[in-house]
Amino acid sequence: MAERSEHALPLLIVDDDPDIVRMLKTVLVRQHEVLTAGDGNEAFDLLQKHNVAAVLADHMMPGLTGVELLNKAYDLQPSAARLLITASDRAN
């Protein structure tokens, strides 16, 4: 397993579902510093204070949607990768 670089920028995970945030953080924290936010407004505040390598944002959140947040993230940090994530609510 690769070690975390002390000089790498953190990843920002944004989701209003704490279980999703916890799961993603558990996987990613092994190799990356991770910041988390429970909604788009909280994430936007973090983006104003921290440079990040990537933003992983849920599509449907209260306040700013994931698309709106990623557009604002581009304006603040155009070199950061932006990923939109979503969960299906279809019952199988």
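Residues numbered from 1 in each chain as written. Predicted model: local features only at pLDDT ≥ 70, side-chain atom pairs only at ≥ 80, totals over all residues. Heavy atoms only, no water.

### Focus on the overall build of the protein chain
Next up, step 1: Across its full length, the protein chain holds three helices and four strands.
Next up, step 2: Here the protein chain holds 92 residues, and 33% of them are scored as buried.
Next up, step 3: A sequence separation of at least 24 residues applies to 59% of the contacts in the protein chain between residues at least 6 apart.
Next up, step 4: Split by element, the accessible area of the protein chain, about 6100 Å² in all, is 51% carbon and sulfur. (Helix = DSSP H or I, 4+ residues; strand = E, 2+ residues; numbered from the N terminus. Buried < 20%, exposed > 50% of the residue type's maximum accessible area, 1.4 Å probe, protein only. Contact = heavy atoms within 4.5 Å. Areas by Shrake-Rupley, 256 points an atom, 1.4 Å probe, with all protein chains shown as cover.)

### Focus: the layout of surface pockets
Next up, step 1: Volume-wise, the largest pocket comes out at about 160 Å³.
Next up, step 2: Lining the largest pocket, in full, are Asp 15, Asp 16, Asp 17, Ile 20, Asp 58, Met 60, Ile 85, Thr 86 and Ala 87.
Next up, step 3: Of the residues belonging to the lining of the largest pocket, the class tally is four nonpolar, one polar and four charged. (1 Å grid on protein atoms, 1.4 Å probe; cavity = no way out; pocket = protein on both sides within 12 Å on 5 of 7 lines; lining within 4 Å. Points joined across faces, edges and corners; volume = space filled by probe spheres on them. Nonpolar A, V, L, I, M, F, W, Y, C, P; charged D, E, K, R; others polar.)

### Observations regarding the side chain of Gln 77
Next up, step 1: Looking at the element boundaries, Gln 77 is found in the loop between helix H3 (66-76) and strand S4 (81-85).
Next up, step 2: Since its relative accessible area comes to 7%, Gln 77 is described here as buried.
Next up, step 3: With residues near it in sequence (within four places) discarded, Gln 77 still touches Leu 47, His 50, Asn 51 and Val 52.

### Quick notes on the environment of Asp 17
Next up, step 1: Summarising the element assignment, Asp 17 is placed in the loop between strand S1 (11-14) and helix H1 (18-28).
Next up, step 2: Its relative accessible area of 32% is what places Asp 17 among the partly exposed residues.
Next up, step 3: Sequence separation between Asp 17 and Asp 58 is 41 residues, and the spatial gap between their C-alpha atoms is 9.0 Å.
Next up, step 4: Among the polar contacts made by the side chain of Asp 17, one reaches the main-chain amide nitrogen of Asp 19 at a distance of 2.8 Å. (Polar contact = N/O pair within 3.5 Å; in protein donor to acceptor, adjacent residues only side chain to side chain.)

### Structural notes on the sheet that holds S4
Whenever strands of a sheet pair, they do so through backbone hydrogen bonds, lying parallel or antiparallel.
Next up, step 1: Strand order across the open sheet formed by four strands is S2-S1-S3-S4, with parallel pairing between neighbours. Unpaired on one side and paired on the other, strand S2 (34-37) and S4 mark the two borders of the sheet. Across the sheet, the axes of successive neighbouring strands diverge by a mean angle of 15°, strand direction being ignored.
Next up, step 2: Sheet analysis places S1 next to S2, joined by four bridges and oriented parallel. Along S2, the bridge assignment pairs Ile 13 with Thr 36. (Pairing = 2+ DSSP bridges. Axes fitted to C-alpha atoms, helices over the stretch in contact; angles between N-to-C directions.)

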